[in-house]
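# Tertiary structure, described
If you want the building blocks of each chain, they are given just below.
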Number of protein chains: 2
Amino acid sequence: MRDDCDMRGMLSFLILFMLSKKPMNGSEIADEIERRKGTKPSPGTIYPALKGLKEANFVKEKREGKTIAYSLTSEGKDALRIAKQRFCATFTDVFSGK
Amino acid sequence: MRDDCDMRGMLSFLILFMLSKKPMNGSEIADEIERRKGTKPSPGTIYPALKGLKEANFVKEKREGKTIAYSLTSEGKDALRIAKQRFCATFTDVFSGK
DNA sequence: TTATATATATCGGTCATCCAATATGTGTTA
DNA sequence: TAACACATATTGGATGACCGATATATATAA
């Protein structure tokens, strides 16, 4: 994800946001997105996104037995702060009822 | 835009939302997006998106001299209602501070 | 009429999102 | 050990978002 939050990169933005709450592994991320959106992204969606975030140094990995816990780096936190601001400015009134 | 609001289609969703406030032409849409996001989408972004919404019967056109006023059809209003619900469910806590 | 400004539209190329299918890795169970 | 379940990963193909460049249309100014 570029840190300027265009309309591409919304999945990466959401993942970054969720990881800022607590570290999660890939399946937990998919489950949480299903809880929010109603549809569960396939592995072919979720892992490439995580790979991109890792290559951008926004998330780091920690293997824990069978799973890998993803969490934000400090760069990831910075990027999220900026992206969140633009996201909110772009969509505020969609939420505020109007 | 499909009415199920995945992460692709966020531009079309935003346009649909803005048009639900008031009819606008292409440049006004681009200007309003700039006001929200800070960056102005190029014509090569905005007009193909409008074309897609028109082909989905979500917006209709009305030429007014030099410009074309876009507004929602009733199908567009229905699609927006559903997409808005999913969007809010997906991103609520991004806004609510937490 | 010609020139200018603005709005609309298309094209080519890149990147992000998405799924289905497939493959590999890891831990548990038989 | 082998079998199984689950997590992780990659590939191919489709669609959407994006820009820069270019083209066309419409209205106004010179």
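Let us look at the structure shown here. Note that this is a predicted model, so its numbers are computed, not measured. (Residues numbered from 1 in each chain as written. Chains lettered and ligands numbered in written order. Predicted model: local features only at pLDDT ≥ 70, side-chain atom pairs only at ≥ 80, totals over all residues. Heavy atoms only, no water.)

Now for the layout of surface pockets. Reported here for the largest pocket is a volume of approximately 600 Å³. For the largest pocket, the lining is made up of 28 residues, of which Met7 and Arg8 of chain A together with Met7, Arg8 and Gly9 of chain B are closest to its centre. Looking at the lining of the largest pocket, the elements with two or more residues in it are helix H1 (10–21) and helix H2 (26–37) of chain A together with helix H1 (10–21) and helix H2 (26–37) of chain B. Per element, the largest residue contribution to the lining of the largest pocket is three residues, and it comes from H1 of chain A. Split into classes, the residues belonging to the lining of the largest pocket amount to ten nonpolar, nine polar and nine charged. (1 Å grid on protein atoms, 1.4 Å probe; cavity = no way out; pocket = protein on both sides within 12 Å on 5 of 7 lines; lining within 4 Å. Points joined across faces, edges and corners; volume = space filled by probe spheres on them. Helix = DSSP H or I, 4+ residues; strand = E, 2+ residues; numbered from the N terminus. Nonpolar A, V, L, I, M, F, W, Y, C, P; charged D, E, K, R; others polar.)

Lining the immediate surroundings of DNA strand D are 28 residues, of which Met7, Tyr47 and Ile68 of chain A together with Gly9 and Thr45 of chain B lie closest. In DNA strand D, atoms within 4 Å of the protein come from the sugar-phosphate backbone in 68% of cases. A distance of 3.3 Å separates a phosphate oxygen of DNA strand D from a polar side-chain atom of Ser12 of chain B. Only H2, helix H3 (43–55) and strand E2 (67–72) of chain A together with H1 and helix H3 (43–55) of chain B provide two or more residues apiece to the surface near DNA strand D. The leading source of residues in the surface near DNA strand D is H3 of chain A, at five residues. Grouping the amino acids of the surface near DNA strand D by side-chain chemistry returns nine nonpolar, eleven polar and eight charged. (Near = heavy atom within 4 Å. Polar contact = N/O pair within 3.5 Å; in protein donor to acceptor, adjacent residues only side chain to side chain.)

On to the pairing of strand E2 (residues 67–72) of chain B, then. Bridging between strand E1 (residues 59–64) of chain B and E2 of chain B involves six bridges; their strand directions are antiparallel. In the sheet register, Arg63 of chain B faces E2 of chain B, and the bridge partner there is Ile68 of chain B. (Pairing = 2+ DSSP bridges.)

Ile15, Phe87 and Phe91 of chain A together with Ile15, Phe87 and Phe91 of chain B are the most contacted members of the largest nonpolar core, which totals 60 residues. Beyond its immediate chain neighbours, meaning those up to four positions away, Ile15 of chain B contacts Ile29, Ile33, Ile46, Ala49, Leu50 and Leu53 of chain B. (Core = buried A, V, L, I, M, F, W, Y, C linked by side-chain atoms within 4.5 Å. Buried < 20%, exposed > 50% of the residue type's maximum accessible area, 1.4 Å probe, protein only. Contact = heavy atoms within 4.5 Å.)

Our focus in this paragraph is the environment of Lys60 of chain B. All names here are of chain B. Within the secondary structure layout, Lys60 lies in strand E1. For Lys60, a relative accessible area of 43% corresponds to the partly exposed category. Sequence-wise, Lys60 and Ser74 are 14 residues apart; in three dimensions their C-alpha atoms are separated by 10.0 Å. Of note is the side chain of Lys60, whose polar atom sits 3.0 Å from the backbone oxygen of Leu72.

Another point: the pattern of salt bridges. Pairs may arise between side chains of opposite charge once their charged atoms sit close together. According to the stated counting rule, one finds 16 salt bridges over all chains in the structure shown. When the shortest N-O distance is used, the salt bridge between Asp93 of chain A and Arg36 of chain B registers 2.9 Å. Of this pair, Asp93 of chain A sits in helix H4 (residues 74–95) while Arg36 of chain B is found in helix H2, placing the two residues in two different chains. The partner of Lys54 of chain B in a salt bridge is Glu61 of chain B, and the shortest N-O contact between them spans 3.1 Å. Judged by relative accessible area, Lys54 of chain B falls into the partly exposed class, the value being 36%. Several salt bridges share partner residues, and in doing so they unite Glu32, Arg35 and Arg36 of chain A together with Asp93 of chain B into one network. (Salt bridge = Lys/Arg side-chain N within 4 Å of Asp/Glu carboxyl O.)

Summed over the entire model, instances satisfying the criterion amount to ten aromatic pairs over all chains. A ring pair is formed by Phe87 of chain A and Phe87 of chain B, whose centres lie 6.0 Å apart and whose planes are at 25°; its orientation type is stacked. Residue Phe87 of chain A is found in helix H4, and its partner Phe87 of chain B is found in helix H4 (residues 74–95); the two belong to separate chains. Judged by relative accessible area, Phe87 of chain A falls into the buried class, the value being 0%. Taking 4.9 Å as the distance between ring centres and 35° as the angle between the ring planes, the aromatic pair formed by Phe13 of chain B and Phe87 of chain B counts as tilted. Of this pair, Phe13 of chain B sits in helix H1 while Phe87 of chain B is found in helix H4, placing the two residues 74 residues apart along the sequence. Three or more aromatic residues joined by ring pairs make a cluster, and in this case those are Phe13, Phe87, Phe91 and Phe95 of chain A together with Phe13, Phe87, Phe91 and Phe95 of chain B. (Phe/Tyr/Trp six-rings, centres within 6.5 Å; stacked < 30°, edge-to-face > 60°.)

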